[in-house]
Amino acid sequence: EELLKENALLREELLAAKAQLTGVATDSLPRDYRVITANVINNSVNNQQNLIILDKGEVDGVRPDMGVICASGVVGIIKTVSDHFSVIIPIIHNQSKISCKLDSSNNFGSLVWEGTDYRYAKLSEIPKHVHVSIGEKISTSGFSSIFPANIAVGEVTNVEEESEQFLSVDVRLSTNFRTLRYVEIMDFGFKQELDSINVTP
């Protein structure tokens, strides 16, 4: 428990430092993210709609639509919450869709799971003119109030044509969902404000 708390504090400091370096944060604003540590108490990897249950809930500050990560990368998004427990829709769920980017070019697309292998997903909607290298790292884009930018997602294993305009990229996920035990829930302090102005025309 003490190690998890220490890791959470280090994660908060790292995110704050990255924000300062990129000019996102200012001295007049508090740290953008607070980290809530949790234990996995139930998990599935062989279903089309896998779910993960955590031992933290509303009394711990957990709310729906919070991003969840682990030491190796992205896990998923909080779907439902009770007083003491919460349920994650992981990225290995056939309704999961997360904005991710290629680290070499910052071109972004949507990460989706095809429901076959918990170790792999696909990054779609990458423009066809973009050069994508095998082994290239994939990370979160930061284009939402759920995940900060540059959280590890995986690496490229294959590239194919998706359509006349886009590429489809196979991604080996950095998170091992079979051995997942400890996670960090990302509490973005300005989520409500950002969501209130982020309207679709």
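Note that this is a predicted model, so its numbers are computed, not measured.

S.K.: Please clarify how the pairing of strand β4 (residues 73-81) should be interpreted in this entry.
M.R.: Side-chain direction in a regular strand flips from residue to residue, so the side chains alternate between the two faces of the sheet. Judged from the four bridges that link them, strand β3 (residues 67-70) and β4 form a sheet pairing that is antiparallel. Bridge pairing links V68 to G76 in β4. The pairing of β4 with strand β5 (residues 86-90) spans five bridges and is classified as antiparallel. From the neighbouring strand, G76 faces β5, where its bridge partner is P90. Linking β4 back to β5 in an antiparallel pair, the connection comprises four residues.

S.K.: Honestly, the nonpolar core in this entry has me stumped. Any pointers?
M.R.: Side chains of nonpolar character tend, in soluble globular proteins, to be buried together. Counting 46 residues, the largest nonpolar core has L54, V75, L111, L123, L173, F177 and I185 as the members making the most contacts within it. In terms of residue count, the dominant contributor to this core is strand β1 (residues 33-43) (five residues). Among residues more than four places away in sequence, those in contact with L111 are I91, S96, K97, I98, C100, A121, K122, L123, V153, V171 and L173.

S.K.: Would you mind showing me how to read the pattern of salt bridges here?
M.R.: Between side chains of opposite charge, a pair can form when the charged atoms approach closely. Going through the model one piece at a time under the given rule, you end up with eight salt bridges. Put simply, D187 and R34 hold a salt bridge, and the shortest N to O gap is 3.2 Å. On the criterion of sequence distance, the pair formed by D187 in strand β12 (residues 182-188) and R34 in strand β1 is long-range, its members being 153 residues apart. Take R34: its relative accessible area is 39%, and that puts it in the partly exposed class. Here R119 makes a salt bridge to D117, at a shortest N to O gap of 2.8 Å. One network of salt bridges, with partners in common, ties together R34, R63 and D187.

S.K.: Looking at this structure, how should I read the packing of aromatic side chains?
M.R.: The geometry of an aromatic ring pair comes down to the distance between the two centres and the angle between the two planes. All told, the structure shown has one aromatic pair when counted by the stated rule. Arranged with centres 4.9 Å apart and planes meeting at 90 degrees, the rings of F108 and F143 form a pair that is edge-to-face. Within this pair, whereas F108 is found in strand β7 (residues 108-112), its partner F143 is found in the loop between β9 (137-140) and β10 (152-161), the two being separated by 35 residues in sequence. For F108, a relative accessible area of 45% gives the class partly exposed. When its relative accessible area of 56% is taken as the criterion, F143 is described as exposed.

S.K.: Explanation requested: the environment of Y33 in the structure shown.
M.R.: By the element assignment, Y33 lies in strand β1. Judged by its relative accessible area of 11%, Y33 falls in the buried class. Here the alpha-carbon distance between Y33 and D187, two residues 154 residues apart in the chain, equals 5.4 Å.

S.K.: Just checking my understanding: could you explain the sheet that holds strand β8 (residues 120-127) for this structure?
M.R.: Hydrogen bonding along the main chain pairs the strands of a sheet, whether they run parallel or antiparallel. One closed barrel accounts for six strands, arranged β6-β7-β8-β11-β10-β9; its pairing is antiparallel. Mean inter-strand twist for the sheet, computed between neighbouring axes without regard to direction, equals 40 degrees.

Cut-offs and rules
- Residues numbered from 1 in each chain as written.
- Predicted model: local features only at pLDDT ≥ 70, side-chain atom pairs only at ≥ 80, totals over all residues.
- Heavy atoms only, no water.
- Pairing = 2+ DSSP bridges.
- Helix = DSSP H or I, 4+ residues; strand = E, 2+ residues; numbered from the N terminus.
- Core = buried A, V, L, I, M, F, W, Y, C linked by side-chain atoms within 4.5 Å.
- Buried < 20%, exposed > 50% of the residue type's maximum accessible area, 1.4 Å probe, protein only.
- Contact = heavy atoms within 4.5 Å.
- Salt bridge = Lys/Arg side-chain N within 4 Å of Asp/Glu carboxyl O.
- Phe/Tyr/Trp six-rings, centres within 6.5 Å; stacked < 30°, edge-to-face > 60°.
- Axes fitted to C-alpha atoms, helices over the stretch in contact; angles between N-to-C directions.

Keep in mind these values describe shape, not function.
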